[in-house]
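What follows is the residue order along each chain.
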Amino acid sequence: MTAVNPTDWRDTSLSRLLKTRLPIMATGLQWLANADYVAAAVNSGMMGFITAASFADTAALRDEIQRCRELLGTRAFGVNVSMLPKLLPGDRTEEIMALIADERIAVVETSGRDPTAYVAALKASGCRVVHKVPQLRHALKAEAAGVDAVTLVGAECGGHPGESPVGTLVQGALAARALRIPFALGGGIACGEQIVAALALGAAGVAIGTRFLVADEIPAHADYKQRLVEAQPGDTTLILSSVRNSMRVLRNDTTATVQALEGDGVNDIQQLLPYVRGTLGKAAYASGDWRQGALSAGQGVGLMTRSASLAEIIAELEQEADTALARLGIGDGGV
Ligand SMILES: Cc1cc2nc3c(=O)[nH]c(=O)nc-3n(C[C@H](O)[C@H](O)[C@H](O)COP(=O)(O)O)c2cc1C
């Protein structure tokens, strides 16, 4: 079966897998994708992911899962588990995966490391596993490990584009030729026309982070969201390639300092950590002072014109996708 129903772009192998109205995932956002945001994503027709890395311990994550259940009733939602090598010691992946299985979470988004060790137990608990990667070879490995779907992110993405970033358009075409399981495409996707482009490439859906950062439900200060609205695509930049942990972030005082140090040959995370530690980002979201901290953001910032509710943003994306299809002579603009 093809990935997308030719008479309805919303009906794809991914939306069927996730049982969502739309083939769109509002993927993990550290400090920001909390129960309120995830509930709004689900209520807008997407799959949303509470981001485990935002919580100090599994008890706090369990409380947030409970809060999401209270907001959503029986409607399904997901949890994001970023398994990237931690900047600070301590790996809680094992405990978090056990909690996800125990809580019978519908979907887990894994990222950062090979998920093979966890796939069988998660699937046995009824959880769907979507693994996110910046390189096709890792997607193929995850497919062999039995994940249900993969997400490929391209160089434009907020967060981690990998150490040899590949543009999203190339990433999608390569993935379509190589993968047998459904895949979502992410990285710079911030309007409906790009969703249609991703589906045309062979993706079964899209993964979006940056476009939703200006949503009313994102728990961050209005000044930060206003900066994102004003930002141009060139206002993001890559840092931390010196420690093989490249991140696309909003250009600010911190990125200037870190890039100067990296330019001088600093490649020791201990020396860079005082500028990039996650708690600085958390403080920036709360205060609105976007000039400090490593604040993940993708090139899609250039496509955001205002803050709005997630439901309004989704309505806009759907309208743009319908218009793009009508422009191609496919559908009547309102399929
Ligand atoms: C502010 C922010 C925080 C993020 N935090 C995480 C995270 O904790 N775990 C993760 O797997 N991905 C994280 N990501 C990556 C997103 O889930 C997603 O892959 C990416 O945003 C897609 O590209 P886009 O930003 O161009 O839409 C983050 C992205 C942003 C913008």
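Residues numbered from 1 in each chain as written. Predicted model: local features only at pLDDT ≥ 70, side-chain atom pairs only at ≥ 80, totals over all residues. Heavy atoms only, no water.

Caption draft 1: Structural context of the environment of S246. Relative to the assigned elements, S246 resides in the loop between β11 (236-239) and β12 (247-250). Classification of S246 by relative accessible area gives buried; the value is 6%. In the structure, S246 is positioned 87 residues away from G159 in sequence and 8.0 Å away in space, judged by C-alpha atoms. Beyond its immediate stretch of four places on either side in the chain, S246 contacts G159, H160, P161, G162, E163, I239, L240 and S241. Within the structure, the side chain of S246 is placed 2.8 Å from the side chain of E163, a separation counted as a polar contact. (Helix = DSSP H or I, 4+ residues; strand = E, 2+ residues; numbered from the N terminus. Buried < 20%, exposed > 50% of the residue type's maximum accessible area, 1.4 Å probe, protein only. Contact = heavy atoms within 4.5 Å. Polar contact = N/O pair within 3.5 Å; in protein donor to acceptor, adjacent residues only side chain to side chain.)

Caption draft 2: Looking closely at helix α8 (residues 192-201). Regarding α8, the residues found buried are G192, I195, V196, A198 and L199. Summarising the axial view, the buried residues of α8 lie within an arc of 160 degrees, below the 170-degree limit, and thus occupy one face. Elements in contact with the buried residues of α8: β1 (4-5), β2 (8-12), β3 (24-26), β9 (183-186), β10 (205-208) and α13 (310-327). In the stretch just after α8, G202 is the one whose phi turns positive, near 120 degrees. (Arc of directions from axis to C-beta.)

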